[in-house]
Amino acid sequence: MTQFNNVVIHKTSIVDDGASIGRDTKIWHWVHICSKATIGKNCSIGQNVFIGNNVVIGDNVKIQNNVSVYDNVILEDFVFCGPSMVFTNVSKPRSAVSRKNEYQDTIVRKGATLGANSTIICGVEIGENAFIAAGALVNSDVKPYALMMGLPAIHRGWMSAYGERIPLPLSGSKTWICKKTNSIYRLNGNSLVSE
């Protein structure tokens, strides 16, 4: 293990010159971080992870084993990427056609969870504290706090910032209080907000 600035890097990993890595971040076995990547503080980068050049990762992000974070992906603070989940950055890939100038931005907002083996198609925005179930395929924008399940992913419910299912319908005008945090969640139409 190599250690600098309280960053721990396993000896099998490659961090290209120029990569920016925040304090207290841990980089495990067989990781490759490209030179223009930016990674925040207190992150955990699991085994066999690839992080591309045009990638921005916030603070306190956990990326589990076997995840590739390709160019044009932005992960805000406290995002969780489950094992073997997948990002894409080109919507119409062909081996014979270079489309590097067509990469699409994918933005994952603060506190969102991307479950194991989920797939995030490029060009979407995943809202704050959204919860993508294991194996789901996300091909459109996701609302804050939305629980998304299936192929393609469908809005099936709501999740609290604490990670508990919120017993509210998909739309209406109701309120729920989290017993773990005392946070108040208000359903306004088909959107959920926290106070």
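This text goes with the structure placed above it.
Reading the values: the criteria
Residues numbered from 1 in each chain as written. Predicted model: local features only at pLDDT ≥ 70, side-chain atom pairs only at ≥ 80, totals over all residues. Heavy atoms only, no water. Core = buried A, V, L, I, M, F, W, Y, C linked by side-chain atoms within 4.5 Å. Buried < 20%, exposed > 50% of the residue type's maximum accessible area, 1.4 Å probe, protein only. Helix = DSSP H or I, 4+ residues; strand = E, 2+ residues; numbered from the N terminus. Contact = heavy atoms within 4.5 Å. Salt bridge = Lys/Arg side-chain N within 4 Å of Asp/Glu carboxyl O. Pairing = 2+ DSSP bridges. Phe/Tyr/Trp six-rings, centres within 6.5 Å; stacked < 30°, edge-to-face > 60°.

Once that is clear, we can look at the nonpolar core. Ranked by internal contacts, the top residues of the largest apolar core, which has 47 residues, are Ile51, Ile63, Leu75, Phe87 and Ile126. Mapped by element, the contributors of at least two residues to this core are strand E2 (7–9), strand E13 (73–75), strand E22 (146–149) and strand E26 (184–189). Leave out the neighbours within four places in its chain, and isoleucine 126 touches Ile107, Val108, Arg109, Ala112, Leu114, Ile120, Ile132 and Val142.

Right, let's get into the environment of threonine 106. For threonine 106, the location among the structural elements is in strand E16 (residues 106–108). Here threonine 106 falls in the buried class, since its relative accessible area comes to 0%. For the pair threonine 106 and valine 55, spaced 51 residues apart in the sequence, the C-alpha separation amounts to 9.9 Å. Threonine 106 has contacts with Asn72, Val73, Ile74, Phe87, Thr88, Ile120, Ile121, Cys122, Gly123 and Val124, leaving out every residue within four places of it along the chain.

Taken as a whole and judged by the stated rule, the model has four salt bridges. Here glutamate 76 ties to arginine 109 by a salt bridge, and the two come within 2.5 Å at their closest N and O atoms. On the criterion of sequence distance, the pair formed by glutamate 76 in the loop between E13 and strand E14 (80–81) and arginine 109 in the loop between E16 and strand E17 (113–114) is long-range, its members being 33 residues apart. You can call glutamate 76 partly exposed: its relative accessible area is 25%. The partner of glutamate 102 in a salt bridge is arginine 99, and the shortest N-O contact between them spans 3.3 Å. Residue class for glutamate 102 comes out partly exposed when judged on its relative accessible area of 35%. One continuous salt-bridge network, built from bridges that share partners, spans Glu76, Arg109 and Glu125.

In this section: the sheet that holds strand E7 (residues 38–39). Pairing within the open sheet is parallel, and its six strands lie in the order E4-E7-E10-E13-E16-E19. Because the sheet does not close on itself, it has two edges, and the strands there are strand E4 (20–21) and strand E19 (125–126). Pairing geometry for E4 and E7, over two bridges, is parallel. Bridging across to E7, isoleucine 21 finds its partner in isoleucine 39.

What follows deals with the environment of glycine 127. Counting through the fold element by element, glycine 127 comes out in the loop between E19 and strand E20 (131–132). Placed 116 residues apart in sequence, glycine 127 and lysine 11 show a C-alpha to C-alpha distance of 36 Å. Glycine 127 has contacts with Arg109, Ala112, Val142, Lys143 and Pro144, leaving out every residue within four places of it along the chain.

Counted under the stated rule, the structure contains three aromatic pairs. Between phenylalanine 50 and tyrosine 70 the ring centres are 6.1 Å apart and the planes differ by 45°, which places this aromatic pair in the tilted class. One end of the pair, phenylalanine 50, is in strand E9 (residues 50–51); the other, tyrosine 70, is in the loop between strand E12 (68–69) and E13, with 20 residues separating them in the sequence. Residue phenylalanine 50 is classed as partly exposed on the basis of its relative accessible area of 25%. For tyrosine 70, a relative accessible area of 34% corresponds to the partly exposed category. With 5.7 Å between their ring centres and 40° between their planes, tryptophan 176 and tyrosine 185 make a pair best called tilted. The pair formed by tryptophan 176 and tyrosine 185 is uniform in burial state, with each residue classed as buried. A connected cluster of aromatic rings, assembled from ring pairs, spans Tyr145, Trp176 and Tyr185.

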